[in-house]
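# Coordinates in review
Below are the chains, spelled out letter by letter.
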Amino acid sequence: MKFGTKAIHAGIKPDPSTGAIMTPIFQTSTYVQRSPGDHQGYEYSRTQNPTRAALQENIAALENGKFGLCFSSGMAAIDAIVKLLNPGDEVISTSDLYGGTYRIFTKVFQRFGIKFHFVPMDELDLIAAKVNDKTKMIWVETPTNPMMQIVDIRKVAGLAKEKGLLLAVDNTFATPFLQNPLDLGADIVMHSVTKYLAGHSDVVMGAIVVNDAKLAEDLAFLQNSCGGVPGPQDCFLVLRGIKTLHLRMERHSQNGKTIAAFLKNHPKVEKVFWPGFEDHPNHRIAASQMRDFGGMISFTLKGDKLADAIKLMENLKLFSLAESLGGVESLCGHPATMTHASIPKSEREKVGLTDSLIRLSVGIEDAEDLKNDMATAMNAI
Ligand SMILES: *Cc1c(COP(=O)(O)O)cnc(C)c1O
């Protein structure tokens, strides 16, 4: 089956008791057993729930994986993945990383004796240099947030295989429509479902997809033991959202291209970070592992003044100033004062995250209106 067909049909069967074409919201904590142990595959909703089961199967199919597991948030999914490890183990991670991931690694799991190394992943040698006999996992985010750098998943997977390490990829920015890390050699793919998969800024959820049965069993054990599971209503909302994922991603990518080109030609813009540009330093890798380039764009202003960036964001009407991304509506954010405020200015600026850097999550509105909104706001500075 092709992607759009899977988005609509994978994991979905008419309800056997009524014929309801939509998976019901099984708002139940427990399930009646005929005799002890004689049940229909469901005992308690932390362990299994039919609405969640349908969603897990659907997301697994979209990632070309065998096993899917959903969690109460993207962070709960990351939490489960790191809990595959033991005290003393080491992880090598991309350095340009989602702030919450950096926080759980350094402020939570480091206390439990797991060590994290953060390296830029454009050179395999930089990763290889950190591998020792305690290294167990490589953590990759691509495209990175907010600098939109691309990590070559195939290459890193080759190294992980050679050294016997697990490779986990946070695929939130790309979505399974644009990129399938398992097909490129990753062992674990993780999503903040909150973003593009749910797609309507109304749910917080996470997901993991794997192919290996033992890994799936260990993650299901953690999912049930630690208990960070999503409720059935949220699973229903995500099942509904995913049915249009392919259409939304096509439009996000198309609008992303239009807005990126508009910004690149604008006299007040210094630099635009979008992997679809042929002069993006990782464009070739992006084109080889992604089907399109998506709607996430970062850019800086000439003169790099904080006041100009603030004025621009205050004057945007269709791009709402808010955290998060991946919804149907366009958002703008300011990494230096919002998501990445905890990183010292000197560290931020080393990776290009300067005071005027603005991140856009380009929505699926009409591109002409988005362009006009941006043009009007630019006139205010
Ligand atoms: C939002 C996000 C997360 C965390 O997910 P939540 O659903 O907010 O817990 C992890 N990684 C990336 C890339 C994200 O954008």
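Above this note sits the structure.
So, here is what we can say about the structure in this document. Owing to the predicted nature of the structure, the values given are computational and were not obtained by experimental measurement. (Residues numbered from 1 in each chain as written. Predicted model: local features only at pLDDT ≥ 70, side-chain atom pairs only at ≥ 80, totals over all residues. Heavy atoms only, no water.)

### Some thoughts on the nonpolar core
Core analysis: the largest hydrophobic core is formed by 65 residues, its most contacted members being L55, I59, L263, I297, F299, L360 and M374. Counting contributing residues per domain, this core is built from domain 1 (3-242) and domain 2 (245-379), each supplying no fewer than three. With residues near it in sequence (within four places) discarded, M374 still touches F262, L263, F299, L312, L316, F319 and L360. (Core = buried A, V, L, I, M, F, W, Y, C linked by side-chain atoms within 4.5 Å. Buried < 20%, exposed > 50% of the residue type's maximum accessible area, 1.4 Å probe, protein only. Domains from an automatic or database assignment. Contact = heavy atoms within 4.5 Å.)

### Points about the packing of aromatic side chains
Across all of its chains, the model carries eight aromatic pairs by this definition. Taking 5.2 Å as the distance between ring centres and 75° as the angle between the ring planes, the aromatic pair formed by F3 and F177 counts as edge-to-face. Taken together, the positions of F3 in helix α1 (residues 3-9) and F177 in helix α7 (residues 175-178) put the pair 174 residues apart, joining distant regions of the chain. Accessibility expressed as a relative area gives 14% for F177, which makes it buried. Here the aromatic rings of W274 and F277 are separated by 5.3 Å at their centres, their planes lie at 75°, and the arrangement is edge-to-face. F277 matches W274 in its accessibility class, with the two residues each being buried. Of the aromatic side chains, those joined through ring pairs into one cluster are Y102, F105, F116, F118 and W139. For K264, the ring lying beneath its charged end belongs to F277, and the centroid distance is 4.0 Å. (Phe/Tyr/Trp six-rings, centres within 6.5 Å; stacked < 30°, edge-to-face > 60°. Helix = DSSP H or I, 4+ residues; strand = E, 2+ residues; numbered from the N terminus. Lys NZ or Arg CZ within 6 Å of the ring centre and 35° of its normal.)

### A closer look at the sheet that holds strand β11 (residues 331-333)
Spatial strand order, β8-β9-β12-β11-β10: five strands in an open sheet with mixed pairing. Taken across any chain shown, the strands that pair with only one partner, and hence form the sheet edges, are β8 (269-273) and β10 (320-321). Bridge count for β8 against strand β9 (residues 296-301) is four bridges, and the pairing is antiparallel. Along β9, the bridge assignment pairs V269 with L301. Across the sheet, helix α10 (residues 245-264) lies against β8, β9 and β12 (358-361), angled at about 10° from β9, the strand it touches most. (Pairing = 2+ DSSP bridges. Axes fitted to C-alpha atoms, helices over the stretch in contact; angles between N-to-C directions.)

### Thoughts on the sheet that holds strand β6 (residues 188-192)
Read from one edge of the open sheet, seven strands run β1-β7-β6-β5-β4-β2-β3, paired in mixed fashion. Pairing within the sheet leaves two strands with one partner each, and these edge strands are β1 (67-71) and β3 (115-119). Averaged over neighbouring strand pairs, the angle between their axes works out to 20° when direction is ignored. Note that strand β5 (residues 166-170) and β6 share three bridges and pair parallel. Note on β6: the bridge partner recorded for V169 is V189. Running over the sheet, helix α2 (residues 50-62) touches β1 and β7 (206-210) and is turned about 125° from β1. Along the sheet, helix α4 (residues 99-108) makes contact with β2 (90-94), β3 and β4 (135-141), crossing β3 at roughly 140°.

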